[in-house]
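Listed here are the chains, written in short residue letters.
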Amino acid sequence: MAASPAERMSRRYSRRTVEVRDPHAELLADFRAGMLEAPRSLPPKYFYDARGSALFDAICDTPEYYPTRLEASLLERNAAAIIEAAGADTLVELGSGTSRKTEYLLAPLERAAGEESLYVANDVCPEILDEAGERLLERFPGLTIHALAGDYGAALEALRADGAAGQDGARLFTFLGSSLGNFEDPEAIELLRAIRRTMGSDDHLLLGLDRVKPVDVLEAAYDDAAGVTAAFNLNLLSVLNRELGADFDERGFRHRAPFNHEESRIEMHLVAQVSQKVRVEAFATTLELEAGEVIRTEISRKFDAKMIDRLLSASGLRREREWLAGDGWYSLLMLRPDPAG
Ligand SMILES: C[S@@+](CC[C@H](N)C(=O)[O-])C[C@H]1O[C@@H](n2cnc3c(N)ncnc32)[C@H](O)[C@@H]1O
């Protein structure tokens, strides 16, 4: 009996969890390391529950958030050339989110590889993977999607364990949205090196990086007038309340996103408006925050040419091409593993 359209779809989409560590244990460890004492901070991956992912998608549509539009324009203009240069039948994306911009790459990938085309999408948020998967299957009838739910490092480890099973062509890895900018140098280099270790000698990495630009443009992008980024930042508190049995009160905090010139990065802060006590059942403890105290929830580094060169040479990656948007406001880099690196 012939397979129904729904069965054919389900054969073309699969999702598996690739966490190396239990995500709850990871949150406990990160909270213990960053939140029990001032200065307080958490890694940004905890923003992205289903609501956080939807809010990030809404940020991309705000007039102030230029990175998505600039990167999309570079992809739209150059996707066919990128896929041709990569000679790829497989696209592997880290932190894929809604995969909206990725569609520019998937169109020429599917045209070139037809039924052989494979999209391996990784994200910490399983809901966004399923939602994007459903939309992409409709749009690209030849495409197969393997979704990997979990951390970047866990996805790369799973890919190394799998090998390039069943695929003949090369792979194009993508890391878009300047998500590398969420990491300070040591972690950024470790992540790039993990990507390089996972790549074969014929594979490419397409890396999107946001560049230094006037401060008013930067700060507006992370503090839009409609308050979407503020809602996204504050949503972290409801994640902590749910996951750790905490009682953070959103009304006691304000979103701030100053540019730190010395470190060349936007910092997202939640600033306590009054001194307050917050109970955290998972630690059987009560945090005491002073008025004005900051929880740093994200860094978003803004790169210049020197910073990029340093990162690439420390990571064993060689630049093959670079496309710049606008006045050098955003870069897309096409990279190869450096045999000498
Ligand atoms: C800033 S958004 C960018 C989304 C998309 N790549 C873009 O360019 O619009 C970051 C995405 O990476 C995911 N993410 C954040 N930290 C992650 C991590 N450590 N491992 C895997 N995915 C992560 C988030 O869920 C989110 O979808």
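Residues numbered from 1 in each chain as written. Predicted model: local features only at pLDDT ≥ 70, side-chain atom pairs only at ≥ 80, totals over all residues. Heavy atoms only, no water.

A. Geometry of the packing of aromatic side chains. As enumerated under the stated definition, the model contains twelve aromatic pairs in all. Within the aromatic cluster, the residues linked to one another by ring pairs are Phe 47, Tyr 48, Phe 56, Tyr 65, Tyr 222 and Phe 232. (Phe/Tyr/Trp six-rings, centres within 6.5 Å; stacked < 30°, edge-to-face > 60°.)

B. Here's a closer look at the domain arrangement of the protein chain. If you check the domain split of the protein chain, you get domain 1 (32-62 + 217-301) and domain 2 (66-213 + 303-337). Across the interface of domain 1 and domain 2, roughly 1,800 Å² is buried in total on both sides, 52% from carbon and sulfur atoms. Counting across the interface, domain 1 meets domain 2 through five salt bridges. Between Arg 265 and Glu 184 there is a salt bridge whose closest N-O contact spans 3.7 Å. (Domains from an automatic or database assignment. Buried area = accessible area lost by both parts, 1.4 Å probe. Salt bridge = Lys/Arg side-chain N within 4 Å of Asp/Glu carboxyl O.)

C. Structural context of the pairing of strand 10 (residues 265-272). Across the eight residues that make up strand 10, a large majority, eight, are buried. Side chains Arg 265, Glu 267, His 269 and Val 271 project from strand 10 onto one buried face, and the interleaved Ile 266, Met 268, Leu 270 and Ala 272 project onto a second face that is buried too. Summarising the sheet, strand 8 (residues 253-256) and strand 10 pair through four bridges and their orientation is antiparallel. For His 255, the partnering residue across the bridge sits in strand 10 and is Leu 270. Pairing of strand 9 (residues 259-260) with strand 10 involves two bridges; the strand directions are antiparallel. Within strand 10, the residue paired with Phe 259 across the bridge is Ile 266. (Buried < 20%, exposed > 50% of the residue type's maximum accessible area, 1.4 Å probe, protein only. Helix = DSSP H or I, 4+ residues; strand = E, 2+ residues; numbered from the N terminus. Pairing = 2+ DSSP bridges.)

D. Geometry of the site of the ligand. Lining the immediate environment of the ligand, one finds 17 residues, of which Gly 95, Lys 101, Asp 123, Asp 151 and Tyr 152 sit closest. At 2.9 Å, a side-chain N or O of Asp 151 approaches a nitrogen atom of the ligand. For the ligand, an oxygen atom lies 3.4 Å from a polar atom in the backbone of Gly 177. Mapping the shell around the ligand onto the domain boundaries places at least three of its residues in each of domain 1 (32-62 + 217-301) and domain 2 (66-213 + 303-337). (Near = heavy atom within 4 Å. Polar contact = N/O pair within 3.5 Å; in protein donor to acceptor, adjacent residues only side chain to side chain.)

E. Seen up close, unusual backbone geometry. Residue Pro 39 is reached from Ala 38 by a cis peptide bond, and omega for that bond is -5°. Locating Pro 39 in the fold gives a position in the loop between helix 2 (23-35) and strand 2 (40-41). Even without being glycine, Ser 178 reaches a positive phi, approximately 60°. Looking at the secondary structure, you find Ser 178 in the loop between strand 6 (170-175) and helix 8 (185-198).

F. View of the sheet that holds strand 5 (residues 144-149). What the eight strands build is an open sheet, ordered 1-5-4-3-6-7-15-14; its pairing is mixed. Each having just a single partner strand, strand 1 (13-17) and strand 14 (317-325) make up the two edges of the open sheet. Averaged over all neighbouring strand pairs, the angle between strand axes comes to 20°, with direction disregarded. Looking at chain direction, strand 7 (residues 204-210) and strand 15 (residues 330-337) are connected through six bridges and run antiparallel. Bridged to Leu 207 within strand 15 is Leu 333. Sitting on the sheet, helix 4 (residues 66-86) is in contact with strand 3 (88-94), strand 6, strand 7, strand 14 and strand 15, with an inclination near 35° to strand 15. Contacts between helix 5 (residues 103-113) and the sheet are confined to strand 3, strand 4 (118-123), strand 6 and strand 7, with strand 3 contributing the most and set at about 155° to the helix. (Axes fitted to C-alpha atoms, helices over the stretch in contact; angles between N-to-C directions. Contact = heavy atoms within 4.5 Å.)

G. Representation of the pattern of salt bridges within the structure. All told, the structure shown has 25 salt bridges when counted by the stated rule. Asp 57 is paired through a salt bridge with Arg 100; the nearest N and O atoms lie 2.6 Å apart. Within this pair, whereas Asp 57 is found in helix 3 (residues 50-60), its partner Arg 100 is found in the loop between strand 3 and helix 5, the two being separated by 43 residues in sequence. Classification of Asp 57 as partly exposed rests on a relative accessible area of 23%. Overall, the relative accessible area of 38% leaves Arg 100 in the partly exposed class. Residue Asp 61 is joined to Arg 100 by a salt bridge in which the shortest nitrogen-to-oxygen separation is 3.4 Å. Taken together, the residues Asp 61 in the loop between helix 3 and helix 4 and Arg 100 in the loop between strand 3 and helix 5 connect sequence positions 39 residues apart. Assessed through its relative accessible area of 53%, Asp 61 is described here as exposed. Salt bridges linked by common partners bring Arg 211, Asp 309, Arg 319 and Glu 322 together as one network.

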